[in-house]
Amino acid sequence: MRWWDIEPVLELEHELFPEDAWSAGMFWSELAHARGPHATRRYIVAEDPGSGRVVGYAGLAAAGDLADVQTIAAARDQWGTGLGARLLTDLLSAATAFECAEVLLEVRVDNTRAQKLYERFGFEPIGFRRGYYQPGNVDALVMRLSDPARSVQGSDTHG
């Protein structure tokens, strides 16, 4: 993801997460840490090869030996195509490159589609964050993946 991707990413962000969409400033802040020798972030976009339209994006933050999936999203017309799995595979590869031993993420408790994707990759639920998603006051399920390198090596089975 580069600065010129922020506008189309925001359009998708607002479509998919109308209550708790990230702001442009949040993406700018993350991208400020995504380049150079001391980068601690990995942000990617997926584009439709025919139209060039941004159809998905994802981001990861690394700190020490721990990575955190910050965001992952696929346009509704891409659901069921494997795009989410490809985005997640890229993030887990980045976690491995950052030499992270674990990857954490939060997912809305009502987003069973995403939870199933994460479970296929080996993420396990470890707790809840009450009222994490605001303003809707929706709880987050916290999930953890130990050894992301192992999950990436088996990613061809994730479809």
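Before reading on, note that the structure itself is shown above.
One structure accompanies this document, and this report is about it.

Rules and cut-offs
Residues numbered from 1 in each chain as written. Predicted model: local features only at pLDDT ≥ 70, side-chain atom pairs only at ≥ 80, totals over all residues. Heavy atoms only, no water. Helix = DSSP H or I, 4+ residues; strand = E, 2+ residues; numbered from the N terminus. Rg over C-alpha atoms; globule rule 2.2 N^0.38 Å. Pairing = 2+ DSSP bridges. Axes fitted to C-alpha atoms, helices over the stretch in contact; angles between N-to-C directions. Contact = heavy atoms within 4.5 Å. Patch = residues over 30% accessible without salt bridge, like charges linked within 9 Å, V, L, I, M, F, W, Y side chains within 5 Å. Areas by Shrake-Rupley, 256 points an atom, 1.4 Å probe, with all protein chains shown as cover. Salt bridge = Lys/Arg side-chain N within 4 Å of Asp/Glu carboxyl O. Buried < 20%, exposed > 50% of the residue type's maximum accessible area, 1.4 Å probe, protein only.

### Observations concerning the overall build of the protein
And step 1. Along the backbone of the protein there are 5 helices and 6 strands.
And step 2. Reading the helices (α) and strands (β) of the protein from amino to carboxyl end gives α-α-β-β-β-α-β-α-β-β-α.
And step 3. For the protein, the C-alpha radius of gyration of 15 Å lies close to 15 Å, the compact-globule estimate for 159 residues.
And step 4. Taken along the three principal axes of its C-alpha coordinates, the protein extends 40 × 35 × 30 Å.

### Quick look at the sheet that holds strand S4 (residues 102-108)
And step 1. Ordered by their spatial adjacency, 6 strands build an open sheet running S1-S2-S3-S4-S6-S5, and the pairing between neighbours is mixed. With one partner strand each, in any of the chains shown, strand S1 (41-47) and strand S5 (124-133) form the two edges of the open sheet. Mean inter-strand twist for the sheet, computed between neighbouring axes without regard to direction, equals 20 degrees.
And step 2. With 7 bridges joining them, S1 and strand S2 (residues 54-63) adopt antiparallel strand pairing. Each residue of the ladder has a partner; that of Glu47, found in S2, is Val54.
And step 3. Here helix H2 (residues 24-31) sits on the sheet and contacts S1, S2 and strand S3 (66-74); the angle it forms with S1, its principal contact strand, is near 120 degrees.
And step 4. Of the strands in this sheet, S1, S2, S3, S4 and strand S6 (138-146) touch helix H3 (residues 83-97), which is tilted by about 25 degrees from S2.

### Concerning a nonpolar patch on the surface
And step 1. The grouping of Trp3, Trp4 and Trp28 at the surface amounts to a nonpolar patch, some 420 Å² of accessible area in total.
And step 2. Among the secondary structure elements, Trp3 is positioned in the segment before helix H1 (6-16).
And step 3. Classification of Trp3 as exposed rests on a relative accessible area of 53%.

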